[in-house]
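Listed below are the residues making up each chain.
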Amino acid sequence: MERQRSFSFKSTRSLVFSFTISSLFFLVFFTIWVSKSTPSILQETNFELNKTSLVVSLKPLSVQPFSDLAINSSSSDLKSSIFVDTHFREPENISGFASISVIKRKGNESVTSEKDRDGVNGSFSTVQESALVPETASVEEKKSRSISTQRIEVQSSENIAEETRGAATQEKNEAPNKEGIRKKKKAPISVANIKTLRNERNKEKSMRECDVTKGRWVYDENYPLYTNSSCPFIDEGFDCVGNGRLDKDYMKWRWQPQDCNISRFNASRMLDLIRGKRLVFVGDSINRNQWESMLCMLMGAVKDPKKVYETHGRRITKEKGNYSFKFVDYKCTVEYYVSHFLVHESKARIGSRRVQTLRIDAIDHGSSRWRGADILIFNTAHWWSHFKTKAGINYYQEGNQVHPQLDVSIAFRRALMTWASWVDRHINPRKTRVFFRSSAPSHFRGGQWNSGGQCMDATQPLNETSRTGYSEKNSIVEETIKHMKTPVTLLNITGFSGFRTDGHPSIYGRRPGKRYASSIQDCSHWCLPGVPDTWNEFLSFHLLSKIGSK
């Protein structure tokens with residue numbers, strides 16, 4: 001009996017011992033299985049999270065030095081730079097972790113990205129040195145480094161996703177970096193387009209900086225821009241061909257600036273520019289000269305001449321001083337208002353006599369007609385050289401005071417200040433572009449207009465011209481403009497017009513049968529076609545240059 005109990009006890013202990021040993025083995029194998037399977041799951045998860053940043057390749061894997069890992073993510077360098085791709089392989093080592101290899105590709109090799117498969121833009125991120133796991137590293141070290149790599153890659157994927165979500169907003173608000181280059185562009189720009197844009201900008205810059213007043217007159221068979229027979233708006237005083245002038249070379253000279261080119265006047269473009277607007281000339285008869293030139297030049301683009309007419313039915317003559325021509329198809333007007341001095345011509349009583357005076361402190365009473373214009377071209381100078389204005393005796397008036405004597409330069413300056421004040425008060429620079437044309441030179445030889453001065457023999461431009469033609473009055477105009485609130489463009493025509501002693505009517509300012517009845521020659525005004533056409537080319541140049549800079 002005792003022996004039987006001893007056997008029973010021993011059998012029970014043996015069973016307990018065997019169960020314990022089995023449990024330990026089970027736990028060991030279970031732990032090994034878990035340690036082998038868990039990293040694979042993590043690595044597979046990491047692979048899915050980084051779909052947008054990885055490139056799949058079937059090429060053989062190789063380890064490259066860390067120096068080859070630097071990747072330039074700039075869009076401008078992707079085509080020419082070396083691409084670095086990160087690849088995952090099936091578990092091969094005992095730890096079950098995927099190995100990382102870096103493949104160096106040249107720019108001309110084909111790359112299959114996730115964009116090709118899923119329509120998502122591929123993105124490259126720099127691989128950290130710690131992500132490279134040597135084959136000889138321990139299991140724990142490999143595990144630690146792999147988890148660190150996974151965290152880096154997951155963070156990179158989150159950043160890429162965030163950038164993708166905000167791409168639309170960033171595209172609009174992206175600020176240039178220190179080099180002035182935007183990191184993102186809506187569309188690639190070809191080298192040819194960049195060169196074209198650069199050339200256009202350089203051309204615009206050179207045109208803005210070009211001094212068009214420096215140059216020379218060149219003979220051009222493509223001129224004039226119109227003929228006397230094609231333009232019905234040339235009045236008798238400027239119609240030199242109609243008055244019997246036989247030589248025609250004075251029509252064929254074109255001004256060529258030395259540093260740039262001025263485009264030939266384009267009537268269609270000019271009419272489009274003033275469509276629905278008012279182009280207004282204000283000044284003396286020299287401005288009427290330019291205004292008639294503008295009418296004739298614009299007629300070159302008019303299909304039906306009957307759709308251009310004077311709104312009051314007036315015929316252009318020297319006697320009438322206010323005109324407004326309507327271009328029906330363009331809904332615009334080209335107007336002229338006479339104002340010899342821009343300030344008010346008046347009368348005052350001195351003792352028992354009533355004399356003519358010039359109110360240099362009051363704007364011309366016709367100024368209400370100038371308001372509302374879109375383009376204004378002013379001038380005054382011609383009448384300031386007449387005897388009465390030059391003498392200045394009992395002529396210049398301010399308020400109720402008539403100055404017994406006042407220097408003409410002082411009077412001219414005060415009159416210009418009055419004009420400038422009116423412009424600053426009544427002209428809206430957002431609507432109206434203001435020009436002031438400088439004085440046009442006269443070419444009397446052997447006396448003045450009323451003392452035998454003449455220019456009849458001139459048939460070619462001068463080779464040289466005296467710079468004294470740029471008078472003190474022009475300097476006063478420039479100084480006045482600089483102190484104005486309203487921007488005013490000086491249309492400086494004095495210098496290059498000084499060469500054109502051949503461009504005046506001379507004895508051809510009257511109809512045949514009248515020209516020889518008087519000894520007076522006109523060496524102040526200009527034949528049409530002729531020099532004033534170039535003034536209008538300058539005007540068009542300034543207007544179009546302003547639009548181009550905007």
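Residues numbered from 1 in each chain as written. Predicted model: local features only at pLDDT ≥ 70, side-chain atom pairs only at ≥ 80, totals over all residues. Heavy atoms only, no water.

The chain has the name Protein trichome birefringence-like 6 in an unreviewed UniProt entry, where Populus euphratica is given as its organism. According to the UniProt record, the Sequence similarities (unreviewed entry) comment for the chain is "Belongs to the PC-esterase family. TBL subfamily." Its UniProt record gives the chain a comment under Subcellular location (unreviewed entry), which states: "Membrane". (UniProt positions renumbered as here; feature names shortened; annotations may be inferred.)

(A) Region of interest: the state of the cysteines. Counted by the stated rule, this structure contains four disulfides. Sulfur-sulfur distance for the disulfide between Cys 210 and Cys 260 comes to 2.0 Å. Looking down the S-S bond of the Cys 210 and Cys 260 bridge, the torsion is -75 degrees, so its handedness is left-handed. With Cys 210 in the loop between helix 5 (191-209) and strand 3 (215-219) and Cys 260 in the loop between strand 4 (253-257) and helix 6 (267-273), this residue pair connects regions lying 50 residues apart in the sequence. Disulfide pairing is shown between Cys 240 and Cys 527; the S-S distance is 1.9 Å. The sign of the -85 degrees torsion about the S-S bond sets the Cys 240-Cys 527 disulfide as left-handed. Here the residue Cys 240 occupies a position in the loop between strand 3 and strand 4, and Cys 527 occupies one in the loop between helix 11 (494-497) and helix 12 (531-549), the gap between them amounting to 287 residues. (Disulfide = S-S within 2.5 Å. Helix = DSSP H or I, 4+ residues; strand = E, 2+ residues; numbered from the N terminus.)

(B) Looking closely at the packing of aromatic side chains. Taken as a whole, this structure holds 20 aromatic pairs when the rule is applied. Seen from their ring centres, Trp 291 and Tyr 323 are 5.4 Å apart, and the 20 degrees between their planes marks the pair as stacked. One end of the pair, Trp 291, is in helix 7 (residues 285-298); the other, Tyr 323, is in strand 7 (residues 322-327), with 32 residues separating them in the sequence. Under the relative-accessibility criterion, Tyr 323 is labelled buried at 1%. Ring pairs connect the aromatic residues Phe 341, Trp 383, Trp 384, Tyr 395, Tyr 396 and Phe 412, which therefore count as one cluster. A cation sits over an aromatic face here: Arg 264 above Tyr 223, 4.9 Å from the ring centre. (Phe/Tyr/Trp six-rings, centres within 6.5 Å; stacked < 30°, edge-to-face > 60°. Buried < 20%, exposed > 50% of the residue type's maximum accessible area, 1.4 Å probe, protein only. Lys NZ or Arg CZ within 6 Å of the ring centre and 35° of its normal.)

(C) Structural view of a nonpolar patch on the surface. On the surface, a cluster of nonpolar side chains totalling about 1200 Å² of accessible area is made up of Phe 17, Ile 21, Leu 24, Phe 25, Phe 26, Leu 27, Val 28, Phe 29, Phe 30, Ile 32 and Trp 33. Among the secondary structure elements, Ile 21 is positioned in helix 1 (residues 2-49). (Patch = residues over 30% accessible without salt bridge, like charges linked within 9 Å, V, L, I, M, F, W, Y side chains within 5 Å. Areas by Shrake-Rupley, 256 points an atom, 1.4 Å probe, with all protein chains shown as cover. Salt bridge = Lys/Arg side-chain N within 4 Å of Asp/Glu carboxyl O.)

(D) Up close: helix 9 (residues 408-426). Relative to the 27 Å expected for 19 residues at 1.5 Å per residue, helix 9 spans 27 Å between its end C-alpha atoms, a close match to the ideal helical length. Burial in helix 9 covers these residues: Val 408, Ser 409, Ala 411, Phe 412, Ala 415, Leu 416, Thr 418, Trp 419, Ala 420, Trp 422, Val 423 and Asp 424. Its side-chain oxygen placed 2.9 Å from the backbone nitrogen of Ser 409, Asp 407 serves as the N-cap of helix 9. (Expected span 1.5 Å × (residues − 1). Polar contact = N/O pair within 3.5 Å; in protein donor to acceptor, adjacent residues only side chain to side chain.)

(E) Expanded view of the pairing of strand 4. The buried count for strand 4 comes to four of five residues, which makes it a mostly enclosed element. Two elements, strand 3 and strand 4, share five bridges in a ladder whose sense is antiparallel. Looking at strand 4, one finds that Tyr 219 is bridged to Trp 253. (Pairing = 2+ DSSP bridges.)

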